[in-house]
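Summary of structural features
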Amino acid sequence: MDQAAVIGLTVPVVAGCMCAIFLSFWYYNREDRSALRFATAFFLAVTGFSANHYILDKDTLANAIFHNACYSGGLYLLLDGIHLAFSRKTPVGTLGTIGIGSVIAAVIIQLSPADLGQRVLWINTLQGCMLLVATASLWGIWRSNWTGTATYAALILCAINMVVVAPYNIVNSFVSGDVFFQTAYWATMNMVTTLSVTAMGGALVAVCVMQRLADLREDADHDYLTGLKTRRAFEEAARYYCDARSGEVAATLIIIDIDHFKTINDEHGHVAGDQVIGRIGAFLNAQTRSSDVAGRMGGEEFCLLLPGTDTAGARQLAARLRAKLSNLTFDALPETLRVTASFGIAEFGRRTAFADAYPMADAALYSAKTRGRDRIVCAPAPEDAGRPIRRERFKALPDGSRVPVGQLAS
């Protein structure tokens, strides 16, 4: 094996490193299906490249079938993984048809009198079409974040390599099996392919890292028992909303506290207490709307932020929650035991901050508990209260939350 052939090992070495990296991602997070696809794709790239250039004879049917099947299968898995990572639907039929077609074309061309250059040209063009199809179906992923931009740029680089650089060099070079490693095509293809594999692998590593960080943030922002926002995440969302609203539209805060929860823990155990917390959290999540923000503030206390809702509307919701909550049953508690809750309500004024509204709702809750629990108490409505608004008029914000139309600060 001469020096040029040894230099060609850079492609399988880089692809092998990428395979190991993505296997590590998948090993530590088995739910990351895209990482497993990426690892398998780079493994097939290593296998096909090595078999084609260093193991099997170039002018054999076995080589044509095997290495093209590896390339097409690996490319399909790579593109499928990218679609999965960016929540896009994979064009399975189109990609699969082209991939299978490239293997069939390799067999037909191998059995024909066509020279090696013509065979490589056709196969590169067909597999390049798979990249072009993916480029079209992934249009716009660069708008999501910087990893989308990097991935799309790497995808375009790979497509250019397949459908422009490779054909250009093949047409301008004499490519045959005995001098393959001395051709300009081999040198250029090796350089551009190494760059493409490195760029694509690096971009996809960034995608996996960012997704893992997003998963960790999601876990940190949601309470493990209820699935509601944690106190920190709830307060952050509430402050974000208060900073964005102009005050012309009403907003209300409800604090909910389970009555006699310590008695439930003491008499029926903490497992029963956890079941009560989890069931009530799921109940509150199901009873509120997408424009509302629901969180567990700690222990047995929950909080709801209701954009566009005034005191009357919040009291109506609290009455409905109170009635339905008392009818909930829990497997860990006696059937005759009914769990109740107390509610404190405070409405925002035009310039009321979350830090001001929360103590008012908390004082109303304290009043409800001192008056006998299982009741609703509202703080006095502010003089500069906004008007209630229909939920259909809420506008989505980039972070997924919603603010009433016209309430974004100008």
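All values reported here derive from a predicted model rather than from experimental measurement. (Residues numbered from 1 in each chain as written. Predicted model: local features only at pLDDT ≥ 70, side-chain atom pairs only at ≥ 80, totals over all residues. Heavy atoms only, no water.)

Topic: the overall build of the chain
Test applied: Runs of E in the DSSP output that reach at least two residues are strands. Runs of H or I that reach at least four are helices, and both are numbered from the N terminus. For every residue, the accessible area obtained with a 1.4 Å probe (protein chains only) is divided by the maximum for its type, and the residue is called buried under 20%, exposed over 50%, and partly exposed between those limits. Pairs of residues are marked as contacts when any of their non-hydrogen atoms sit within 4.5 Å. Note on areas: Shrake-Rupley with a 1.4 Å probe; residue coverage comes only from the protein chains shown.
Broken down by element type, the chain carries 13 helices and seven strands. Relative to its 410 residues, the chain shows a buried fraction of 49%. A separation threshold of at least 6 residues defines the contact pool for the chain, and within that pool the share at least 24 residues apart is 73%. Surface accessibility of the chain: about 19,700 Å² in total, with carbon and sulfur atoms responsible for 60%.

Observations concerning a nonpolar patch on the surface
Worth spelling out the cut-off: The patch calculation keeps residues exceeding 30% relative accessible area without a salt bridge and links them within 9 Å when they carry like charges or within 5 Å when they are nonpolar (Val, Leu, Ile, Met, Phe, Trp, Tyr). Counted as salt bridges are all cases of a side-chain nitrogen of Lys or Arg within 4 Å of a carboxyl oxygen of Asp or Glu.
Residues Trp146, Val209, Met210, Leu213 and Leu216 make up a contiguous nonpolar surface patch of about 460 Å² in total accessible area. When residues in the nonpolar patch are grouped by element, the largest group, four residues, is from helix H8 (residues 184–221).

Structural notes on the pattern of salt bridges
Taken as a whole, this structure holds eleven salt bridges when the rule is applied. Among the salt bridges present, the one from arginine 37 reaches aspartate 80, with a minimum N-O distance of 2.7 Å. Of the two residues, arginine 37 is situated in helix H3 (residues 33–55) and aspartate 80 in helix H4 (residues 61–85); the sequence distance between them amounts to 43 residues. Counted as one network, the salt bridges with shared partners bring together Asp221, Arg232 and Glu236.

So, the nonpolar core
Applicable threshold: Nonpolar cores are built from buried Ala, Val, Leu, Ile, Met, Phe, Trp, Tyr and Cys residues. Side-chain atoms within 4.5 Å join them into one set.
Counting 36 residues, the largest nonpolar core has Phe22, Leu78, Leu79 and Ile82 as the members making the most contacts within it. Residue contributions to this core peak at seven residues, all from H8. Those residues within four positions of leucine 79 in sequence are excluded, and the remaining contacts are Leu95, Met130, Leu131, Ala134 and Leu155. Ile264, Ala272, Ala341 and Phe343 belong to the second largest nonpolar core, which has 29 residues in total.

Here's the deal with the side chain of glutamate 347
This is how the line gets drawn: We define a polar contact as two N or O atoms separated by no more than 3.5 Å, with the added condition that, inside protein, one atom must be a possible hydrogen donor and the other a possible acceptor, whereas residues neighbouring each other in sequence contribute only through side-chain atom pairs.
In this fold, glutamate 347 is placed in strand E4 (residues 341–347). Within the local environment of glutamate 347, its side chain forms a polar contact with the side chain of threonine 311, the two groups lying 2.5 Å apart.

Overview of the confidence of the model for the chain
Heads up, the rule is: Per-residue confidence from the prediction method is given by pLDDT, with values spanning 0 to 100.
The share of residues in the chain with pLDDT of 70 or more is 85%, and the mean pLDDT across the chain is 84. Under a pLDDT of 50 for its full length, residues 392–410 has, in the predicted model, 44 contacts with residues more than four places off or in other chains.

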